[in-house]
There are 2 protein chains.
Amino acid sequence: MNKQILFSVTLASLTIANGNAQKQNSLERVSRQPNIILFLVDDMGWQDTSLPFWTQETHYNEVYETPNMERLAKKGMMFTQAYACNISSATRCSLITGANACRHRVTNWTLERDKATDRSSETIQVPDWNYNGVSQVPGTPNTFVGTSFVELLKQNGYHTIHCGKAHFGSIDTPGENPTHWGFEVNIAGHAAGGLATYLSEKNYGHSRDGKPYSLMAIPGLENYWGTGVFATEALTQEAIKALDRAKKYNQPFYLYMAHYAIHVPVDKDMRFYPKYVRKGLSDKEAAYASLIEGMDKSLGDLMDWVEKNGEADNTVILFMSDNGGLAAEPAWRDGTPHTQNYPLNSGKGSLYEGGIREPMIVSWPGVVAADTRCDKYLMIEDFYPTILEIAGIKNYKTVSPVDGISFMPLLKGMGDPSKGRTLVWNFPNIWGNDGPGINLDCAIRQDDWKLVYYYETGKKELFNIPDDIGEKNNVADQNPEIVTHLSKQLGNYLRATGAQRPSFKLTNKPCPWPDEI
Amino acid sequence: MNKQILFSVTLASLTIANGNAQKQNSLERVSRQPNIILFLVDDMGWQDTSLPFWTQETHYNEVYETPNMERLAKKGMMFTQAYACNISSATRCSLITGANACRHRVTNWTLERDKATDRSSETIQVPDWNYNGVSQVPGTPNTFVGTSFVELLKQNGYHTIHCGKAHFGSIDTPGENPTHWGFEVNIAGHAAGGLATYLSEKNYGHSRDGKPYSLMAIPGLENYWGTGVFATEALTQEAIKALDRAKKYNQPFYLYMAHYAIHVPVDKDMRFYPKYVRKGLSDKEAAYASLIEGMDKSLGDLMDWVEKNGEADNTVILFMSDNGGLAAEPAWRDGTPHTQNYPLNSGKGSLYEGGIREPMIVSWPGVVAADTRCDKYLMIEDFYPTILEIAGIKNYKTVSPVDGISFMPLLKGMGDPSKGRTLVWNFPNIWGNDGPGINLDCAIRQDDWKLVYYYETGKKELFNIPDDIGEKNNVADQNPEIVTHLSKQLGNYLRATGAQRPSFKLTNKPCPWPDEI
């Protein structure tokens, strides 16, 4: 019990918390730590917005209306190469622990305890990944144990609010409940990574007797049942109530506004749906657009709250999505599958850009220059050290290494932590859908180059991302040295972080690492 | 922010937490930390039980039926001289922070923010006490900032459950919500220190539209509204659901079962009320007896859960009350006021034994000898270091000094931390009722002697507690040296801990300390 391997820097954060709390007779907020809002959208693609993140305006930029994302971008910095994992669980586990998915091994989606969610294959055995998700405490099999940055925020004086989708740990594991991660308030968060329905008419997934009819019924919104309030709006109203209360506490707050939107089912948000029908969109596409604009309205409501309450100058807002837009399921979208994130290839589940590149914006008055763009790349686990740095928490201990690197230099326009850096994705799993770049693969990005490696076939693809953002031209054959270099880098990273790989059922041997072939 | 004054011992508890969590692949529970249940009853007097805590069986011992307290006592150790504060808020703030009430200054009861609850006096001005309660974070006026031992339990691997009355901080302060104190689960706890009603027929204090009609409406029990389930039972059922869930987490748990019972209103728990009417009790007394037995049934249900779930050998149960039985309000009790805690004098609000001596039992199979009694005295803030020691948490930092002393030596029958120790109470306030030993006083216990000092009159009373448990014979005049010694000890403690005293309105001068007169 006394033995310990501790990672990261020197002082225990508790010490800092103590230092703060010691000023018990001071009524001033400690050193004006800024409020922080992380606005995380679910399954939102890079182009699911009227705000152009590409060099050109796309069809979808013209179709969708996200005036509040535009408003936020005017106040802050757009990031055009912000990456997450290809699947929600992996992203959220990286976010809360700071670990890359190679390390935390929650690589596919989680829901029920002790149940892997991979489709089966006749030829490939997926590894025994962490399908129970992440936890702050040991004792659960197939679980990665990490330290929550929210816990650290709380210990350092923040009032911490969770609103929406949690999806950190499987049902009946300690990670299932946001309060186990340092959140003092939990609105509607639990194990599930999706929702039964956005509709209050269906009690968000509960029958008339009040019992959930789906594991994905949204909990905690009983007051809105039958009111006609769309889930996105109900969550927003609850978040604002929590902010009203937070203001009384005279603490800096951390609001994790983790919308269930725009995950399927693509229900119609009737506040916006008719407009898109009038614009000529199909039923499905108008419904999808209504999900997006409902989410955007929520962003605007939170920005309004911050402004009306005199907190605008002291509030950092980070906007992000958790993986690419869903493009593999024709039931939910019109058009040719895997094209809905154009100019990016593929979508959610894929290691192509369509699955991992996210719309990201950060506003921080007085620190981040207004109306700017940053084309440097960064990764979802970078939010961990960045948010702690924003909060002024410089010394903290964690039970597992933090793979993320603070992007504060990018925010301040002082330095480039991306230069030469490798970003790595690993998906030794089989998701529910197939498609370009989806399943049994891993990938690495370094500067302009990206290598995708397929475990089963040994195939390697090399793309020059700035030249070929759509990843249509595999230039591996023309650049053998780059392929070798990136394969080695990728293999080293995978092994160093304890990443998993699939095996061949025929031989029971593991698939080769990318630098073994 | 880096300056800090830290109290207590050396290592940051977070370090230990990290050490534990590091064993991320171990499925064993860390070092078999025991489960801990603190069963805290509200306003329960020393004789409100069939279990005799005095040397003789009393009338009330014969009238009331608490078979599960008897059952618990058979498994563990009864403490016959366990003390709390004279008022609930003071006790609960001492419990959660480890500070004596002299230090935390939450000496009267709290409810609404920035509102003192003292009755006014023509002659005396009460001090500006901490009527906003306690908090883990600074920033609220009239608030004591302390470190919660529950937070430390959580950081050291415990799953932490709050059920029932919280009453740590006033409404709209950070201390109002148990989740701000390290509780991962909060069932029905908020700022209020009482309850509107135990009756589900009255929705525990909510109108038909679901809105509370009282600041003391019990929150969070919506599922029991209109079901006929008494609040005590509803809380018990919810606690057991939380334990069922805790078991899945493979963590040690801390359950703080903080009943609203047996606080007024003295509603009838109809499961038990008729029996007491048949026994010949008056309507009021039968109702009071039913509150007691309903609470006792809850204790039994929790003991049953522990036994049925194979956790009996690894669970510590601590039974305690928060102040003496209410004896000052004829509306709620029959008989002569201030006699209902016989053989003790007075009751809740008083610094006589009737206001501060509590029924206490501790069971811990394999550690605490079964069916034993301990006559050594201890104080409510002692629970703080004791519970942390039970949990094996030896090194932790707190933002304010811990005045409590572990009673582990008493539990193990190895040593006597009470010998020569001084216990101090301070009540520079004016409560809602008058009576023996109530209002504007302070007191000290050392070995057999107890001195009570009255701020306004300067009167000093000295009692030999073993000889005169009813505090009827003031022997101050016969023992001037003891009076002087205890006055000095008391004055020193009050000043050293920053205790407050009232002032004379006429002169605007503070009342003398006990050793100044």
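Once a new chain begins, its residue numbering starts again from 1 and follows that chain's sequence as written. The lettering of chains begins at A and the numbering of ligands begins at 1, in the order of writing. Local features in a predicted model are, by the rule used here, given only for residues with pLDDT of at least 70; side-chain atom pairs are given and counted only at 80 or more, and totals for whole chains, interfaces and linings are based on all residues. Working from all heavy atoms in the structure, the side-chain values ignore hydrogens and water.

As recorded by an unreviewed UniProt entry, chain A carries the name Sulfatase and is attributed to Jilunia laotingensis.

This part covers the overall build of chain A. Counting its secondary structure elements, chain A contains 13 helices and 16 strands. Every radius of gyration here is taken over C-alpha atoms, with the globule rule written as 2.2 Å times N^0.38, N being the number of residues. Computed over its C-alpha atoms, the radius of gyration of chain A comes to 22 Å, within 12% of the 24 Å expected for a compact globule of 517 residues. The principal-axis extents of the C-alpha atoms in chain A amount to approximately 65 × 65 × 50 Å. Counting rule for charge: Lys and Arg are taken as positive, Asp and Glu as negative, and neither His nor the chain ends is counted. For charged residues, the charge sits on one atom: NZ in Lys, CZ in Arg, CG in Asp, CD in Glu. Charge-centre separation for chain A: the mean point of 50 positive side chains lies 4 Å from the mean point of 59 negative side chains. Secondary structure elements follow DSSP: runs of H or I no shorter than four residues count as helices, runs of E no shorter than two count as strands, and numbering proceeds from the N terminus.

With that settled, consider helix 7 (residues 231-249) of chain B. All names here are of chain B. Helix length check: helix 7, at 19 residues, gives a terminal C-alpha distance of 27 Å against a target of 27 Å (1.5 Å per residue), a fit within 8%. Regarding helix 7, the residues found buried are A231, T232, E233, A234, L235, T236, E238, A239, A242, L243, A246 and Y249. Residues of helix 7 that are buried sit in contact with strand 7 (159-164), strand 8 (185-187), strand 9 (253-258) and helix 9 (283-308). Remark: N250 follows helix 7 within two positions and exhibits a positive phi of approximately 55°. A helix is expected to reach a length of 1.5 Å times the quantity of its residues less one. Buried residues are those whose accessible area, probed at 1.4 Å on protein chains only, stays under 20% of the maximum for their type, while exposed residues exceed 50% and partly exposed ones sit between those limits. By definition, residues are in contact when any of their heavy atoms lie within 4.5 Å.

This part takes up the sheet that holds strand 11 (residues 357-363) of chain B. Residue and element names in this part refer to chain B. The rule for pairing is simple: two strands pair if DSSP sees at least two bridges between them. Pairing is mixed in the open sheet, where eight strands are placed in the order 8-7-9-2-10-11-3-12. In this open sheet, the two strands that pair with only one neighbour each are strand 8 and strand 12 (372-379). Mean inter-strand twist for the sheet, computed between neighbouring axes without regard to direction, equals 15°. Sheet topology note: the strand 2 (residues 35-41)/strand 9 ladder contains five bridges and is parallel. Directly across from I37, in strand 9, lies its bridge partner L255. Geometry is summarised by axes, namely lines fitted to C-alpha atoms with helices restricted to the contacting stretch, and by angles between N-to-C directions that run from 0 to 180 degrees.

Next up on the list: the UniProt feature "modified residue: 3-oxoalanine (Ser)" (unreviewed entry) in chain A. All names here are of chain A. UniProt positions are given in the numbering used here, feature names are shortened, and annotations may be inferred rather than shown by experiment. In the UniProt entry, the feature "modified residue: 3-oxoalanine (Ser)" (unreviewed entry) is given for S88. Mapped onto the elements of the fold, S88 is located in helix 4 (residues 88-97). Judged by relative accessible area, which is 4%, S88 ranks as buried.

Here we take up the side chain of Q47 of chain A. As for its position among the elements, Q47 of chain A is in the loop between strand 1 (35-41) and helix 2 (59-63). The exposure class assigned to Q47 of chain A is buried, which follows from its relative accessible area of 0%.

Regions with low pLDDT should not have their predicted coordinates read in detail. What pLDDT conveys is the predictor's confidence in a given residue, as a value from 0 to 100. On average, residues of chain A score 94 in pLDDT, and 94% of them reach the 70 mark or higher. Residue range residues 1-30 of chain A is modelled with pLDDT below 50. Its contacts to residues more than four positions away, or to other chains, number 95 contacts.

Glancing now at the pairing of strand 2 (residues 77-83) of chain A. Residues and elements named next belong to chain A. The element strand 2 is largely enclosed, with a buried count of seven among its seven residues. Here strand 2 pairs with strand 10 (residues 357-363) via five bridges, running antiparallel. Across the sheet, the residue bridging to M77 is V362, located in strand 10. Here six bridges tie strand 2 to strand 11 (residues 372-379), and the two strands are oriented parallel to one another. Bridged to M78 within strand 11 is R373.

All names here are of chain A. Orientation of helix 3 (residues 67-75) relative to helix 9 (residues 283-308), taken along the N-to-C sense of each, is 45°, at an axis distance of 7 Å. As judged from the angle between their axes, helix 3 and helix 9 are oblique. When helix 3 is examined against helix 9, the residues P67, N68, M69, R71, L72 and K75 are found in contact with a partner set consisting of M295, D296, K297, L299, G300, M303, D304 and E307. Each residue belonging to the contact of helix 3 with helix 9 can be placed in one class, and the counts come to six nonpolar, two polar and six charged. Every angle not falling under 35 degrees, over 145, or within 65 to 115 is termed oblique; those three ranges are roughly parallel, roughly antiparallel and roughly perpendicular. Each residue receives one of three labels: charged for Asp, Glu, Lys and Arg, nonpolar for Ala, Val, Leu, Ile, Met, Phe, Trp, Tyr, Cys and Pro, and polar for the others, Gly being one of them.

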